[in-house]
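Residue-level listing of the chains:
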Amino acid sequence: MSLFHLPHSKKQEHLKFEISVTAKLMEKLPAKYKHLRLTLTRGAKAVSTKEIYASGQRAEPTPADATMKMVCTMYRTGSTGKFEEKTYKLSLLRINPRALREREKKIGSSYIDLSHYVNPNDGARGTTEDLRVTMKVSESDSPAILSLIIHSEWLKNYKGADGDVSSDISAMNYETSSQGTSQSS
């Protein structure tokens, strides 16, 4: 029996994908919060949007303000061709610009399995899908509704560092809003 458990067997293929998650529309938001941010987290890996402004319990941010982008390693089993689950927590944060402490506070969360949105066979154009997420939020009787666009592109010749067993933390783009791209569904 081995002392170390290896999370991924040698029979699995690992592929790198650049994944961007963009908020198109946010509805049924708590009325009292005007300054919001979305984050995607998995372990120590985290990306977030810029500040998103809500009015009338909704927000329609620009892609430049509402895009979270990262590089993910996806593991595919040779026998089935399916990717292992890669679940990220999507959190909605309220921002209090006047607060000295607890400037940001989570008011809701949901989970997204990004393995459903990758396909290396889509070539240079990648895969783009619309996703509608409902999220229970504090101080609201009805769940918030988030309309997202998930775009993934296989990085066939990616030469990034292997900073983490399950994904490359060093390859993440912390300046998530530095690139606004037009995407068609």
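Our structure is the block above this text.
Before going into details, it helps to say that this report is about the structure given with it. Please read these numbers as outputs of a predicted model, since none were measured by experiment. (Residues numbered from 1 in each chain as written. Predicted model: local features only at pLDDT ≥ 70, side-chain atom pairs only at ≥ 80, totals over all residues. Heavy atoms only, no water.)

Looking now at the pairing of strand E10 (residues 144–154). Among the 11 residues of E10, 9 are classified as buried, and the element is accordingly described as predominantly covered. Strand direction decides the pairing type here: strand E1 (residues 12–27) and E10, joined by 10 bridges, are antiparallel. Following the sheet pairing, threonine 22 is matched in E10 by isoleucine 149. With 9 bridges connecting them, strand E9 (residues 127–135) and E10 associate as antiparallel partners. If you follow glutamate 129 over to E10, its bridge partner there is isoleucine 150. (Buried < 20%, exposed > 50% of the residue type's maximum accessible area, 1.4 Å probe, protein only. Helix = DSSP H or I, 4+ residues; strand = E, 2+ residues; numbered from the N terminus. Pairing = 2+ DSSP bridges.)

What follows deals with the nonpolar core. Core analysis: the biggest nonpolar cluster contains 37 residues, and Ile19, Met26, Leu90, Leu92, Leu114 and Leu148 have the highest contact counts within it. Of all the secondary structure elements, the ones that give two or more residues to this core are E1, strand E2 (35–42), strand E6 (67–77), strand E7 (87–95), strand E8 (104–113), E9 and E10. Counting residues per element, this core draws most heavily on E1, at 6 residues. In this view, leucine 90 contacts Leu38, Thr39, Leu40, Met68, Gly108, Ser109, Ser110, Ile112, Val133, Met135, Leu146 and Leu148; residues no more than four positions away in its chain are not counted. (Core = buried A, V, L, I, M, F, W, Y, C linked by side-chain atoms within 4.5 Å. Contact = heavy atoms within 4.5 Å.)

Further remarks concern the side chain of arginine 37. One can find arginine 37 in strand E2. There is a polar contact of 2.8 Å between the side chain of arginine 37 and the backbone oxygen of threonine 49. Separated by 2.7 Å, the side chains of arginine 37 and glutamate 104 make a polar contact. Among residues more than four places away in sequence, those in contact with arginine 37 are Ser48, Thr49, Lys50, Glu51, Ser91, Leu92, Leu93, Ile95 and Glu104. (Polar contact = N/O pair within 3.5 Å; in protein donor to acceptor, adjacent residues only side chain to side chain.)

Right, let's talk about the environment of histidine 116 for a bit. Examined against the element boundaries, histidine 116 turns out to sit in the loop between E8 and E9. Remark: the alpha-carbon pair of histidine 116 and lysine 86, spanning 30 residues in sequence, is separated by 8.7 Å. Among the polar contacts listed, one links the side chain of histidine 116 to the side chain of aspartate 113, at a separation of 3.2 Å.

Our focus in this paragraph is unusual backbone geometry. One non-glycine residue, lysine 28, adopts positive backbone phi at about 60 degrees. Mapped onto the fold, lysine 28 is located in the loop between E1 and E2. Taking relative accessible area as the criterion, lysine 28 reaches 44% and is therefore assigned partly exposed. One non-glycine residue, glutamate 139, lies in the positive phi region at around 65 degrees. Turning to its location among the elements, glutamate 139 is positioned in the loop between E9 and E10.

Nothing here speaks to function; it is all geometry.
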